[in-house]
Amino acid sequence: DGGITQSPKYLFRKEGQNVTLSCEQNLNHDAMYWYRQDPGQGLRLIYYSQIVNDFQKGDIAEGYSVSREKKESFPLTVTSAQKNPTAFYLCASSQERQGMAGANVLTFGAGSRLTVL
Amino acid sequence: AQKITQTQPGMFVQEKEAVTLDCTYDTSDPSYGLFWYKQPSSGEMIFLIYQGSYDQQNATEGRYSLNFQKARKSANLVISASQLGDSAMYFCAMRATGGGNKLTFGTGTQLKVEL
């Protein structure tokens, strides 16, 4: 079955450590996204990538980094510069259709919950 | 700038009844899409329904329908014949063509279906 796999599901990190969250999709989607969700809040966009080897900052990119070396993969690194990294992280992908950007539905992974000790 | 507002932090509905979850939006872009997602306690986001800004008719998907009132900039989700499995967090989201393809979310409404 096609879908998005995020790992790990749960992750604990000490302050000052970098950590990388994995996101792999087999949907052959062009675009991929990383969102952060805090308790009782909506999702906020961290980074997104519309094609391989290209990505753009979202609304809250500070303290995060990404890469897009392969179409299927879009890992997110939470660096020590991120002041409050404890959150639920969701990866998504979409098939971009020209001229219909508003209609492109995002498919989400199951999420990764990061806790900083 | 795009903005989504969901004013109902929590809602209760009895099983088999219909419920309306409110969503208002703000954008200056004439071309946009409106989405509703369901998030169960497991955390995954499940796509429910989509409405395009140029669509003449309200979208429907099974028990879900979207009450789209363009002049009022509202896109309320109506769930008919509520089931216990509908208990979840519901998010309204918008994506505008001129907004860099970013999907902007509201803060969500927690729905609880009771017997």
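Reading the values: the criteria
- Residues numbered from 1 in each chain as written.
- Chains lettered and ligands numbered in written order.
- Predicted model: local features only at pLDDT ≥ 70, side-chain atom pairs only at ≥ 80, totals over all residues.
- Heavy atoms only, no water.
- Helix = DSSP H or I, 4+ residues; strand = E, 2+ residues; numbered from the N terminus.
- Rg over C-alpha atoms; globule rule 2.2 N^0.38 Å.
- Contact = heavy atoms within 4.5 Å.
- Areas by Shrake-Rupley, 256 points an atom, 1.4 Å probe, with all protein chains shown as cover.
- Lys, Arg positive; Asp, Glu negative; His and termini not counted.
- Charge placed at Lys NZ, Arg CZ, Asp CG, Glu CD.
- Salt bridge = Lys/Arg side-chain N within 4 Å of Asp/Glu carboxyl O.
- Buried < 20%, exposed > 50% of the residue type's maximum accessible area, 1.4 Å probe, protein only.
- Disulfide = S-S within 2.5 Å.
- Buried area = accessible area lost by both parts, 1.4 Å probe.
- Polar contact = N/O pair within 3.5 Å; in protein donor to acceptor, adjacent residues only side chain to side chain.
- Pairing = 2+ DSSP bridges.

A.B. asks: Which parts of the structure should I look at to understand the overall build of chain B?
C.D. replies: Looking only at helices and strands, chain B features 0 helices and 12 strands. Walking chain B from its N terminus toward its C terminus, one meets helices and strands in the order β-β-β-β-β-β-β-β-β-β-β-β. Here the C-alpha atoms of chain B give a radius of gyration of 14 Å, agreeing with the 13 Å that 2.2 N^0.38 yields for 115 residues. Overall, the C-alpha framework of chain B stretches about 45 × 30 × 20 Å when taken along its three principal axes. When contacts within chain B are restricted to residue pairs at least 6 apart in sequence, those whose partners lie at least 24 apart make up 55%. With the model as given, the accessible surface of chain B reaches about 5,500 Å², and the carbon-plus-sulfur share is 49%. Looking at chain B, you have 10 positive and 10 negative side-chain charges, and the mean spots of the two groups are 5 Å apart.

A.B. asks: What am I meant to see in the pattern of salt bridges here?
C.D. replies: Working definition: two side chains of opposite charge can pair if their charged atoms are close together. According to the stated counting rule, one finds 6 salt bridges over all chains in the structure shown. In this structure, K71 of chain A engages D30 of chain A in a salt bridge whose closest nitrogen and oxygen atoms are separated by 3.4 Å. Remark: D30 of chain A occurs in the loop between β3 (19-25) and β4 (31-37) and K71 of chain A occurs in the loop between β7 (64-66) and β8 (76-78); sequence separation between them is 41 residues. Its relative accessible area of 25% is what places D30 of chain A among the partly exposed residues. Residue R63 of chain B is joined to D86 of chain B by a salt bridge in which the shortest nitrogen-to-oxygen separation is 2.8 Å. Here R63 of chain B is found in the loop between β7 (60-61) and β8 (64-69), whereas its partner D86 of chain B is found in the loop between β9 (74-79) and β10 (88-96), with 23 residues between them in sequence.

A.B. asks: Sorry, what's going on with the state of the cysteines here?
C.D. replies: Covalent bonding between the sulfur atoms of two cysteines defines a disulfide. Inspection of every chain in the model, using the stated rule, returns 2 disulfides over all chains. Covalent S-S linkage joins C23 of chain A and C91 of chain A, the inter-sulfur distance amounting to 1.9 Å. Given an S-S torsion of about -75 degrees, the disulfide between C23 of chain A and C91 of chain A has left-handed geometry. Here C91 of chain A lies in strand β9 (residues 87-94) and C23 of chain A lies in strand β3, a separation of 68 residues in the sequence. As far as the burial class goes, C23 of chain A and C91 of chain A line up, both buried. Here C23 of chain B is linked by a disulfide to C92 of chain B, with a sulfur-sulfur distance of 2.0 Å. As the torsion about the S-S bond is roughly -65 degrees, the C23 of chain B-C92 of chain B disulfide counts as left-handed. Here the residue C23 of chain B occupies a position in the loop between β3 (19-21) and β4 (24-26), and C92 of chain B occupies one in strand β10, the gap between them amounting to 69 residues.

A.B. asks: I would appreciate a short explanation of the interface of chain A and chain B in the present structure.
C.D. replies: Interfaces are often sized by the amount of accessible area the parts lose when they come together. Opposite the 25 residues of chain A that make contact, chain B presents 20 residues. Buried area between chain A and chain B, summed over both chains or domains, comes out near 1,700 Å², and the portion from carbon and sulfur atoms is 54%. Across the pair D59 of chain A and K102 of chain B runs a salt bridge whose closest N-O atoms are separated by 3.3 Å. Applying the counting rule to chain A against chain B returns 6 residue pairs in polar contact (both at pLDDT 80 or more). Of all elements in the fold, only β4, β5 (43-51) and β9 of chain A reach the threshold of two or more residues within the side of chain A that touches chain B.

A.B. asks: How should I be thinking about the pairing of β5 of chain A in this particular structure?
C.D. replies: Residues in a regular strand project their side chains so that they alternate between the two faces of the sheet. Residue and element names in this part refer to chain A. The pairing of β4 with β5 spans 6 bridges and is classified as antiparallel. Note on β5: the bridge partner recorded for R36 is R44. With antiparallel pairing between neighbouring strands as the criterion, β4 and β5 make up a hairpin whose turn holds 5 residues, including G40 at a positive phi of roughly 70 degrees. Relative to strand β6 (residues 54-57), β5 is paired through 3 bridges, and the arrangement is antiparallel. In the strand pairing of β6, Y47 is matched with K57. Counted between consecutive antiparallel strands, the loop separating β5 from β6 contains 2 residues, among which N53 sits at a positive phi close to 65 degrees.

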